[in-house]
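Below, each chain spelled out in residue letters.
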Amino acid sequence: MNSFLGNVFLLLTNPPGNLIYHLVLVFSIAGTLQGAIFHWRMSQFPQAKRTMLGLFVLLVLQLILFLVSGLAWQGTLDSQLVLPPLDRAVSLLSLTWIAWLWIFPEPGRMADAATILLNLVGLTALGMTLTFWMQNPGGSLNLSIFELVWQGFSLIVVLISVLLLAIRRPNGWGNGLAVFLLAFIGHLLSLAWRQEGDFPGMVRLVHLAMFPILLTLPQRFPLIPAASRAATPTSVKATDQEIPERRRYSTDPKTFHALLSLAGELDPDKIGRAVTRGIAQAMLADLCFLMTLTEDKSLVVACGYDLIREESLDGALVDKDAIPLLANAIQRGRPLRLPASSTSSDLKGLGSLLGLNNPGHLLSVPISSSDRNPMGGLLLLSPYSNRLWSAEDQTYLANVATLFLPILERGNRIATMELERDQVRAEVDGARQSASEAQKKYEDLAHKFEALSQQAAQADSQAENMAALLAVQEESQQAIAQLRAENEQLRRGASIPAKAGPSAEAVQLEQELRLTLKEVARLQNAVAKEEMKILELEKRPASAISNEQVEVIASISQELRQPMSSIVGYTDLLLGESVGILGALQRKFVERIKASTERIGGLIEDLIQLTTLEAGRMDLKPELIDINLIVDNAMAYTSTQIREKNITMRLDVPSTQPRIQTDREALQQILIHLLQNASAATPAEGTVTLRVGSRKEKKQENLLIQVIDTGGGIASEDLPQVFSRRYRAENSLIQGLGDTGVGLSIAKTLVETQGGRIWAESEIGEGSTFSVLMPVTRATE
């Protein structure tokens, strides 16, 4: 046995037999690198990119060792001096890079720094070994002290790697554990069973079994299955059974209702919730979050939506250090896809923030402003369905984010306007407070000035008394001589206050009073300007739909029409039985699909028409029309819905109705929406009545249209809300009303645009009557 192993070791450590060892290692690493490149191209995962880097370093190390071995074999280099220490260094460095690849599939500063440090230590040990070995040639490196150091160092690296693998347990950690257990056995036996020579034969033998396991390294993270990437369902030849493609995007009417609510939303807080709800329903994503960047580059989860529980989620402040890859991608405006990984710090951070044990796979696309500055991003997670996001999903989500950008910018502008208005109000309140304080100061100064004025008046009266006394003294020329001196003193004392006037303190107070009055006048002007700003902000229209919104809705509608056209075409082919005969149940299902598709098409047309009306872009074109023809077209349009419920349709239209002049399309739309509402409100086997007549009011000829249903009736407190399209988006449904809320709103707008009026009358248990009175002009024969 020892002889056999000795021959094997001799074959692996000496040329030309060692060529097998080098080729196996190089081809194993090259094959693994090719698999990693393929995985990167298919998934764009950052883990695959990191794997390519580590494998490239491993391949370079083995190629250097292979090249030096070849030169030594040809005699160009002294194989006894350079090759043995280099072989130990490459073995140790390979172990560190394999540990880096398997234990840390995601970027980590500590792991990267530790790996670089170990490589520097290994290169330093290589330099020291080369220096000593060149100075003391002729011995056996396997029996030297350097062999103990190299093998001991390798065993320490292997043991640390096994411990980290057991703690972190990354994806595919079992194969990694097998690699390091083989390495541990090889280095331990090489250290315990030392033989003559310069190369560790046991280590090389273990490498032949260890390096092929690296081929499983790129398979740790999943790829999109081929059946999911295919455009059409595939079939299994062995069983001849079709594998249906999973539905990756939604065409459910709930999606279109979410888009409708998004198009008409003006509240900045509700815009984000509507965006996440619409995207979650369109992408069939378990969780959808809207993330925004603040002015100080902080990352905030603005809001979210849980598709499984069908509830909105609150926002939260995110620590960027907890999600380094995601934060870096959003700040740089780049998309990111991450597979479910037990060692991903981003997924752990999101799981801790959202309270999820396993956030699943991650997809993020950036949201950039029109000048390409990052604003935030959209984040999708699949903790429940474990759905793996593909490049097609990423492209679709990026296109949707581009369509929603004008709406998000509009919400930011509204929020900015509200913030400015609050700031202006705060400034006005501050100015008013300053004016009040200045007014108080002015009143205090006025009181002081009044007191000083009274003192000055008293001084004037004293001066007058002294002057009178002086006149008496002048008339008394015969007074005693001693009193003359006193009279002179009194005359001098009386002349001083008479000429001095107000004191210096009074003058100073008067100047301060004037300055205070100027300050009050300036503050009053500032208050007036700020109040004008508030009036301008409050007069800005808050409900008008902008041109940007109209363009966004048109783009969304165009995107929705394309898949619907395909659905309608395929259902017509199936109903025509051109691809096979349908059974009764199959035909019933296909007819339901077609009816639902037509319903969605109606919702899209309602959305476009409602937006056009609110934007003021609809031009009415009056023309001579036949009312009977309009009624026939409206009946034909709603016949499918009426026929499905077996509703009896009663017409009360005069047979000799003259032609009238009005807008053809608007009148027909009004009739269609009223009939659709009546047929939806009326139960099966019910009755709908349509009456057309005329009525004169104030010498004006008017067209009177009434649609009567036999539904359950509408409560009196709900009647004022039947024509409001936002009523049931925020409150409960109106009992007895069949319309979704948009159709009747469109009918009301069309009637009022032509100067008419529309109203509803109802009685509980009897039904409802919708009446339209619209001015028309009769054609002169």
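Residues numbered from 1 in each chain as written. Predicted model: local features only at pLDDT ≥ 70, side-chain atom pairs only at ≥ 80, totals over all residues. Heavy atoms only, no water.

1. What to know about the overall build of the chain
So, step 1. Within the chain, the secondary structure is distributed over 23 helices and 17 strands.
So, step 2. Within the chain, buried positions represent 42% of all 781 residues.
So, step 3. Taking the contacts inside the chain whose residues are at least 6 apart along the sequence as the reference set, 71% of them involve residues at least 24 apart.
So, step 4. Surface accessibility of the chain: about 41,600 Å² in total, with carbon and sulfur atoms responsible for 56%. (Helix = DSSP H or I, 4+ residues; strand = E, 2+ residues; numbered from the N terminus. Buried < 20%, exposed > 50% of the residue type's maximum accessible area, 1.4 Å probe, protein only. Contact = heavy atoms within 4.5 Å. Areas by Shrake-Rupley, 256 points an atom, 1.4 Å probe, with all protein chains shown as cover.)

2. Some details on the nonpolar core
One broad trend across soluble globular proteins is that nonpolar side chains are buried collectively.
So, step 1. With 47 residues, the main nonpolar core has Leu55, Leu58, Ile98, Trp102, Phe211 and Leu214 as its most contacted residues.
So, step 2. Mapped by element, the contributors of at least two residues to this core are helix H2 (18-43), helix H3 (46-73), helix H4 (83-103), helix H5 (109-135), helix H6 (145-168) and helix H7 (173-192).
So, step 3. Here the element with the most residues in this core is H4; it accounts for 14 residues.
So, step 4. Here phenylalanine 211 is in contact with Leu25, Ser28, Ile29, Gln62, Ser94 and Ile98, once residues within four sequence places are set aside.
So, step 5. Membership of the second largest hydrophobic core comes to 40 residues, among which are Ile625, Leu671, Ala678 and Val776. (Core = buried A, V, L, I, M, F, W, Y, C linked by side-chain atoms within 4.5 Å.)

3. Observations regarding H5
So, step 1. In a regular helix each residue adds 1.5 Å, so 27 residues correspond to 39 Å; H5 covers 39 Å between its end C-alpha atoms and thus fits that length.
So, step 2. Restricting attention to buried positions, one finds in H5 the residues Ala111, Thr115, Asn119, Gly122, Leu126, Thr129, Leu130 and Trp133.
So, step 3. For H5, the secondary structure elements touched by its buried residues are H4 and H6. (Expected span 1.5 Å × (residues − 1).)

4. Observations concerning the sheet that holds strand S17 (residues 777-778)
Two orientations exist for strands paired in a sheet by backbone hydrogen bonds: parallel and antiparallel.
So, step 1. Read from one edge of the open sheet, three strands run S10-S12-S17, paired in antiparallel fashion. Single-partner strands in this sheet number two, and they are strand S10 (622-625) and S17.
So, step 2. Across the sheet, helix H21 (residues 664-681) is in contact with S10 and strand S12 (660-663); its angle to S12 comes to roughly 80 degrees. (Pairing = 2+ DSSP bridges. Axes fitted to C-alpha atoms, helices over the stretch in contact; angles between N-to-C directions.)

5. A closer look at the pattern of salt bridges
So, step 1. Within the structure shown, the criterion is met by ten salt bridges.
So, step 2. Measuring nitrogen to oxygen at the nearest pair gives 3.5 Å for the salt bridge that ties arginine 273 to aspartate 314. Here arginine 273 is found in helix H11 (residues 268-283), whereas its partner aspartate 314 is found in the loop between strand S5 (311-313) and strand S6 (316-318), with 41 residues between them in sequence.
So, step 3. A relative accessible area of 62% places aspartate 314 in the exposed class.
So, step 4. In this structure, arginine 695 engages glutamate 697 in a salt bridge whose closest nitrogen and oxygen atoms are separated by 3.6 Å.
So, step 5. Classification of arginine 695 by relative accessible area gives partly exposed; the value is 34%.
So, step 6. Owing to a relative accessible area of 30%, glutamate 697 belongs among the partly exposed residues under this scheme.
So, step 7. Within the structure, one salt-bridge network assembled from shared partners comprises Arg695, Glu697 and Arg757. (Salt bridge = Lys/Arg side-chain N within 4 Å of Asp/Glu carboxyl O.)

6. Brief notes about the side chain of serine 771
So, step 1. In this fold, serine 771 is placed in strand S16 (residues 767-775).
So, step 2. Within the structure, serine 771 has its side chain in polar contact with the side chain of glutamine 706 (distance 3.3 Å). (Polar contact = N/O pair within 3.5 Å; in protein donor to acceptor, adjacent residues only side chain to side chain.)

7. Describing helix H23 (residues 742-753)
Three or four residues apart is the spacing at which side chains of an α-helix point the same way, because the helix has 3.6 residues per turn.
So, step 1. Taking 1.5 Å per residue, twelve residues should reach 16 Å; H23 reaches 16 Å between its end C-alpha atoms and fits that length.
So, step 2. Taken together, the buried positions of H23 are occupied by Val742, Gly743, Leu744, Ser745, Ile746, Ala747, Leu750 and Val751.
So, step 3. In the stretch just after H23, glycine 755 is the one whose phi turns positive, near 85 degrees.

8. Comments concerning the sheet that holds strand S14 (residues 700-709)
So, step 1. The mixed open sheet is built from five strands, whose spatial order is S11-S13-S14-S16-S15. Looking at the sheet topology across the chains shown, the edges are occupied by strand S11 (648-652) and strand S15 (757-763). For this sheet, the mean angle separating the axes of adjacent strands, direction not counted, is 15 degrees.
So, step 2. Two elements, S14 and S16, share seven bridges in a ladder whose sense is antiparallel. Of the residues in S16, the one forming a bridge with leucine 704 is leucine 773.
So, step 3. The sheet strands contacting helix H19 (residues 627-637) are S11, strand S13 (687-697) and S14, and the helix crosses S13 at an angle near 155 degrees.

9. Observations regarding unusual backbone geometry
So, step 1. The phi dihedral of arginine 169 falls on the positive side, at around 50 degrees, and the residue is not glycine.
So, step 2. Structurally, the position occupied by arginine 169 is in the loop between H6 and H7.
So, step 3. Even without being glycine, asparagine 646 reaches a positive phi, approximately 55 degrees.
So, step 4. Its place among the elements puts asparagine 646 in the loop between helix H20 (639-644) and S11.

10. Quick look at the packing of H4 against H5
So, step 1. H5 packs onto H4 with a crossing angle of 175 degrees between their chain directions and a minimal axis gap of 9 Å. It follows from the interaxial angle that H4 and H5 lie roughly antiparallel. Here H4 contributes Pro85, Leu86, Ala89, Leu92, Leu93, Thr96, Trp97 and Trp100 to the contact with H5, which in turn contributes Ala111, Asp112, Thr115, Leu118, Asn119, Gly122, Leu123, Leu126, Thr129, Leu130 and Trp133.
So, step 2. A breakdown of the residues in the contact of H4 with H5 according to their chemical character gives 13 nonpolar, five polar and one charged. (Parallel < 35°, antiparallel > 145°, perpendicular 65-115°, else oblique. Nonpolar A, V, L, I, M, F, W, Y, C, P; charged D, E, K, R; others polar.)

11. So, the environment of proline 622
So, step 1. Position of proline 622 among the secondary structure elements: in strand S10.
So, step 2. Residue classification places proline 622 among the exposed residues on the basis of a relative accessible area of 53%.
So, step 3. Setting aside residues no more than four positions away along its own chain, proline 622 makes contact with Gln661, Thr662 and Asp663.

12. Some words on the packing of aromatic side chains
So, step 1. With the rule as written, the count across this model stands at three aromatic pairs.
So, step 2. Here the aromatic rings of tryptophan 97 and tryptophan 100 are separated by 5.1 Å at their centres, their planes lie at 75 degrees, and the arrangement is edge-to-face. With a gap of three residues between them, tryptophan 97 and tryptophan 100 both fall in helix H4, about one helical turn apart.
So, step 3. Look at tryptophan 100 and you get buried, because its relative accessible area is 5%.
So, step 4. Considering the side-chain rings of phenylalanine 723 and phenylalanine 770, the 6.1 Å spacing of their centres and the 85 degrees angle between planes classify their relative orientation as edge-to-face. In this pair, phenylalanine 723 sits in the loop between S14 and helix H22 (727-730) while phenylalanine 770 sits in strand S16, placing the two residues 47 residues apart along the sequence.
So, step 5. Residue classification places phenylalanine 723 among the buried positions, given a relative accessible area of 13%. (Phe/Tyr/Trp six-rings, centres within 6.5 Å; stacked < 30°, edge-to-face > 60°.)

13. Regarding the confidence of the model for the chain
So, step 1. When pLDDT is averaged across the chain, the result is 77; 72% of the residues are at 70 or more.
So, step 2. Ignoring residues within four places in sequence, the model shows residues 226-246, a span with pLDDT below 50, making 19 contacts including any to other chains.
So, step 3. Every residue in residues 493-502 is under pLDDT 50, and counting partners more than four places away or in other chains gives three contacts. (pLDDT = per-residue confidence, 0-100.)

14. Observations concerning the pairing of S13
So, step 1. Pairing of S11 with S13, which is carried by five bridges, proceeds in the parallel orientation. Across the sheet, residue methionine 649 finds its bridge partner in S13, namely valine 688.
So, step 2. Note: S13 against S14, ten bridges, orientation antiparallel. The residue bridging valine 692 from the neighbouring strand is isoleucine 705, located in S14.
So, step 3. Counted along the chain from S13 to the antiparallel partner S14, the turn is two residues long, and its residue lysine 698 has a positive phi close to 55 degrees.

15. Some thoughts on the state of the cysteines
So, step 1. Applying the stated rule across the entire model yields zero disulfides.
So, step 2. The thiol of cysteine 288 is unpaired, and the distance to the nearest cysteine sulfur, on cysteine 303, comes to 8.3 Å.
So, step 3. Accessibility expressed as a relative area gives 0% for cysteine 288, which makes it buried. (Disulfide = S-S within 2.5 Å.)

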